[in-house]
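Spelled out from the first residue to the last, the chains are:
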Amino acid sequence: MGKYILKRIAGVIVTLLILSVAIFSITHIMSGDPALAMLGSDASAEQVEALRAEMGLDQPLTAQYISWIKDTISGDLGDSYFRHQTVIQALSERIGPSTELAIISELIAILIGIPLGITAAKRKGGAVDLAASSAAILGMSMPAFLLGLLFILLFSVNMGVLPVSGYVTVAKGGLSNHLSYMVIPCVTMGLVQSALIMRITRSSFAEVMGKDYIKTAKAKGLKERVILYKHVFRNAGATIVTILGQSFGSLIAGVAVLETMFNIPGMGQLIVDSVLKRDYPVIQGAVLFVSILYVLINLVVDISYGFIDPRIRVTRS
Amino acid sequence: MANVNAKETDNLRVAKLAIKENRKIKIQTFMKNKMAMVGLIITVIMVIAALLAPVLFPEGPIKMDNPNRFLAPSGAHLFGTDEFGRDILNRTLYGIRISFVIGGVTALITFVLGMLLGLLAGYYSILDNIIMRICEGMMSIPPVLLGIALMSALGGSAKNVVIALSIVYTPVVARVARASTLSVKEMTYIEAVKSQGAGSFRILFRHIAPNILSPVIVQATNIFATAIILEASLSFLGAGIPAPEPSLGNILSEAKQYIFKSWWLTLYPSIVMILMVMGINILGDGVRDVLDPS
């Protein structure tokens, strides 16, 4: 098991290195000069040159990359060009709303997706299966923002019970006010995610239920509940854990669109905002942060495989 | 000698017949799958609607008509009009046109590039580490973020959306192609061709490539639908196809500003978009059931 974990961690380090090169290259092929953007178009050429030198933009790219990595490892992601704060400050300010949005959405997705998937797999072709599978295809066929728009149309415009967009902290507006702003975004994201979780749960459960050892368990008269939770769950577990990890990872990024749309001051909104302003350090820092989170979640998923299914740690190490 | 030749052609004939029969069975399974047929019909209707856009609206989707701003749906404007008096049905049809082109071209490009990278990575173990590590690195950036970052680097246009989406999705296809190559490579018939002295190029493209097509095509069909969704999201955020050129994403982004005043701006394009992607998804599921039954 130790060897398996070490191997996964080594793989992650290589992935992170490549990731950092990719993020650095993308932000640096962006057209437009941040120094010029900061000073405005009426600045003189000398002023721009001076600022470029101050920001280190006149160095060769490899030198810029190395100094960026060194700073990053020591915990310094640089200063925002436009906000009067460091990237770390900007990120820590924004992480709260994003985490809340992601966790509530994921909970909604799990609570809907897994029970529905299991029920659908148990009676394949039955009414629940048909309804749930159709709903899942519907859910996978729309971008999250579109479902959000339809919810706004229904709950805010038509019924007038929920606010369209915005964000109020618990401290400022009280819990119920805070939640009224979070309902539509969380339910939107949760429903979209539950479609995928439902489909995967259904197919992995159905696959395991077709196995001979489940037939044996049935034949020897075990109760359905025991079969389901002791035999099927354990064998279908690895797939479901993977998909939960992936869905949580994609959620952290997926909320970017919803945060912008609902005007929630989270990481996603920060990234979209910074991209429009070409705020290199913030883009680099935030995308790196989110991607590292994504990689780490996958690492945890990979390692938890080894615990759920002992066969994996043997074959993969 | 003549005898041997005759025998060979006989074998060849039987093999060809078998392939033909196999294809016929596949088409029959597809036709019997009711869901898949529904998907096919929806998709075909959408394609026809997209193709008809220039016939129904020869004036194009951009022309403004200020006296007719914010008209509710009626016989003259089935989907209503927007803040510039433009017909929403018109813009929606041109929007699906762009969606289909972007989804289709992205699926094609990622199919070709992913196949190539996957074959090389799966066949040559030296390249495997390099190509797959880069793919993993790219895949660890969430698609939406990578898309936004690339679009801001490239600038907004339909062509750049295709480039960005291809960069986002090629690693996904490459991974599938590589996995299949790895298993096909070990098959006895590859060993047989090798022992007959076939070159690597011939083995890769004549013998391995045709045998990994199914899972890769399934993946590419998936990408067709997801690319359409991601393009809409990017355009919705203002990092995709720039207005006034219509795309389902930027039509809906404009609609959001007037959601209290003109519900039809949001509702009708949304329904069309859901139907379109759902059609493609159901069709894709049908294709998967035929090509990759497991």
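Residues numbered from 1 in each chain as written. Chains lettered and ligands numbered in written order. Predicted model: local features only at pLDDT ≥ 70, side-chain atom pairs only at ≥ 80, totals over all residues. Heavy atoms only, no water.

Some points on the overall build of chain A
Counting its regular elements, chain A contains 14 helices and 0 strands. Going from N to C terminus, chain A has its helices and strands arranged as α-α-α-α-α-α-α-α-α-α-α-α-α-α. Along the three orthogonal principal directions, the C-alpha set of chain A runs to about 85 × 55 × 35 Å. Looking at chain A as a whole, 46% of its 317 residues qualify as buried. For chain A, the share of sequence-separated contacts (at least 6 apart) that also reach a separation of at least 24 residues comes to 73%. (Helix = DSSP H or I, 4+ residues; strand = E, 2+ residues; numbered from the N terminus. Buried < 20%, exposed > 50% of the residue type's maximum accessible area, 1.4 Å probe, protein only. Contact = heavy atoms within 4.5 Å.)

Thoughts on the nonpolar core
Judged by nonpolar contacts, the single largest core of 124 residues is most densely connected at Phe145 and Met261 of chain A together with Ile96, Ile141, Leu165, Ile208 and Met276 of chain B. Ignoring sequence-local partners within four residues, the contact set of Phe145 of chain A consists of Val257, Leu258 and Met261 of chain A together with Ala232, Ser233, Phe236, Gly249 and Leu252 of chain B. Judged by nonpolar contacts, the second largest core, of 17 residues, contains Ala109, Ala206, Ala217 and Ile240 of chain A. (Core = buried A, V, L, I, M, F, W, Y, C linked by side-chain atoms within 4.5 Å.)

Side note on the layout of surface pockets
Residues and elements named next belong to chain A. Here the second largest pocket defines a volume of roughly 560 Å³. Together, 23 residues line the second largest pocket, and Met55, Asp71, Gly78, Tyr81 and Pro281 are the ones closest to its centre. Sorting the residues of the lining of the second largest pocket by element identifies helix H1 (2-29), helix H3 (45-55), helix H4 (61-73) and helix H13 (280-308) as the ones contributing at least two each. The element that contributes the greatest number of residues to the lining of the second largest pocket is H4, accounting for 5 residues. Each residue belonging to the lining of the second largest pocket can be placed in one class, and the counts come to 11 nonpolar, 8 polar and 4 charged. (1 Å grid on protein atoms, 1.4 Å probe; cavity = no way out; pocket = protein on both sides within 12 Å on 5 of 7 lines; lining within 4 Å. Points joined across faces, edges and corners; volume = space filled by probe spheres on them. Nonpolar A, V, L, I, M, F, W, Y, C, P; charged D, E, K, R; others polar.)

Things to note about the packing of helix H6 (residues 158-185) of chain B against helix H9 (residues 213-237) of chain B
All names here are of chain B. Packing of H6 against H9 leaves a shortest axis separation of 10 Å and a crossing angle of 155°. Classified by the angle between their axes, H6 and H9 sit roughly antiparallel to one another. When the axes of H6 and H9 are compared, the crossing they make is right-handed. Every residue of H9 that contacts H6 at Val161, Leu165, Val168, Tyr169, Val172, Val173, Val176, Ala177 and Ser180 is listed here: Pro215, Val216, Gln219, Ile223, Thr226, Ala227, Leu230, Glu231 and Leu234. Looking at the contact of H6 with H9 residue by residue, the class counts come to 14 nonpolar, 3 polar and 1 charged. (Axes fitted to C-alpha atoms, helices over the stretch in contact; angles between N-to-C directions. Parallel < 35°, antiparallel > 145°, perpendicular 65-115°, else oblique. Left-handed = near helix turned anticlockwise from the far one by under 90°.)

Description of the confidence of the model for chain B
Predicted confidence across chain B gives a mean pLDDT of 87, with 97% of residues reaching 70 or more. By mean pLDDT, the top-scoring element of chain B is helix H3 (residues 88-123) of chain B (94), and the lowest-scoring one is helix H1 (residues 2-32) of chain B (76). (pLDDT = per-residue confidence, 0-100.)

Observations concerning the interface of chain A and chain B
Of the residues lining the interface, 41 residues belong to chain A; the matching set on chain B comes to 40 residues. Summed over both partners, the interface of chain A with chain B comes to about 3,700 Å²; 80% of that surface belongs to carbon and sulfur atoms. Remark: the boundary between chain A and chain B carries 1 salt bridge. A salt bridge links Asp285 of chain B to Arg199 of chain A; its shortest N-O distance comes to 3.2 Å. The interface formed by chain A and chain B contains 6 residue pairs in polar contact (both at pLDDT 80 or more). Looking at the side of chain A that touches chain B, the elements that each hand over two or more residues are H1, helix H6 (127-140), helix H7 (144-158), helix H11 (224-262), helix H12 (267-277) and H13 of chain A. Take the side of chain A that touches chain B: its biggest share by element is 9 residues, from H1 of chain A. (Buried area = accessible area lost by both parts, 1.4 Å probe. Salt bridge = Lys/Arg side-chain N within 4 Å of Asp/Glu carboxyl O. Polar contact = N/O pair within 3.5 Å; in protein donor to acceptor, adjacent residues only side chain to side chain.)

Details of a nonpolar patch on the surface
On the surface, a nonpolar cluster with roughly 440 Å² of combined accessible area is contributed by Val44, Ile48, Leu52, Val55 and Leu56 of chain B. Tracing the backbone shows Val55 of chain B in helix H2 (residues 34-56). (Patch = residues over 30% accessible without salt bridge, like charges linked within 9 Å, V, L, I, M, F, W, Y side chains within 5 Å. Areas by Shrake-Rupley, 256 points an atom, 1.4 Å probe, with all protein chains shown as cover.)

Observations regarding the domain arrangement of chain B
Residue and element names in this part refer to chain B. Domain boundaries assigned for chain B yield domain 1 (1-32) and domain 2 (33-61 + 81-291). If you average the C-alpha positions of domain 1 and of domain 2, the two centres end up 33 Å apart. Listed as interface residues are 5 residues of domain 1 and, on the opposing side, 10 residues of domain 2. Contact between domain 1 and domain 2 buries roughly 600 Å² in total, counting both sides, with carbon and sulfur atoms accounting for 71%. (Domains from an automatic or database assignment.)

Concerning empty space enclosed by the protein
For the structure on display, the rule yields 2 cavities of 30 Å³ or more. Forming the boundary of the largest cavity are Asp82, Glu83, Ile88, Arg91, Ile251, Glu254, Ala255 and Leu265 of chain B. If you list the elements that add at least two residues to the lining of the largest cavity, you get H3 and helix H10 (248-257) of chain B. Ranked by residue count, the leading element in the lining of the largest cavity is H10 of chain B, at 3 residues. Classifying every residue of the lining of the largest cavity by side-chain character gives 4 nonpolar, no polar and 4 charged. Along its surface, the second largest cavity is lined by Ile23, Ile26, Thr27, Ile283 and Val287 of chain A together with Leu146 and Ala149 of chain B. Among the secondary structure elements, those contributing two or more residues to the lining of the second largest cavity are H1 and H13 of chain A together with helix H5 (143-154) of chain B. Broken down by element, the lining of the second largest cavity gets its largest block of residues, 3 residues, from H1 of chain A. Looking at the lining of the second largest cavity residue by residue, the classes come out as 6 nonpolar, 1 polar and no charged.

Digging into the environment of Ala72 of chain B
All names here are of chain B. Mapping Ala72 onto the fold places it in the loop between H2 and H3. Judged by relative accessible area, Ala72 falls into the partly exposed class, the value being 41%. Separated by 118 residues in sequence, Ala72 and Ile190 place their C-alpha atoms 65 Å apart.

A word on unusual backbone geometry
Cis geometry marks the peptide bond from Ala243 of chain B to Pro244 of chain B, where omega comes out at 5°. Its place among the elements puts Pro244 of chain B in the loop between H9 and H10.

So, the packing of aromatic side chains
The full count for this structure, using the stated rule, is 13 aromatic pairs over all chains. For the ring pair Phe24 of chain A and Tyr65 of chain A, a centre distance of 5.3 Å and an interplane angle of 70° mean the geometry is edge-to-face. With Phe24 of chain A in helix H1 and Tyr65 of chain A in helix H4, this residue pair connects regions lying 41 residues apart in the sequence. For Tyr65 of chain A, a relative accessible area of 17% puts it in the buried group. Joined through ring pairs, the aromatic side chains of Phe79, Trp263, Trp264 and Tyr268 of chain B make up one cluster. (Phe/Tyr/Trp six-rings, centres within 6.5 Å; stacked < 30°, edge-to-face > 60°.)

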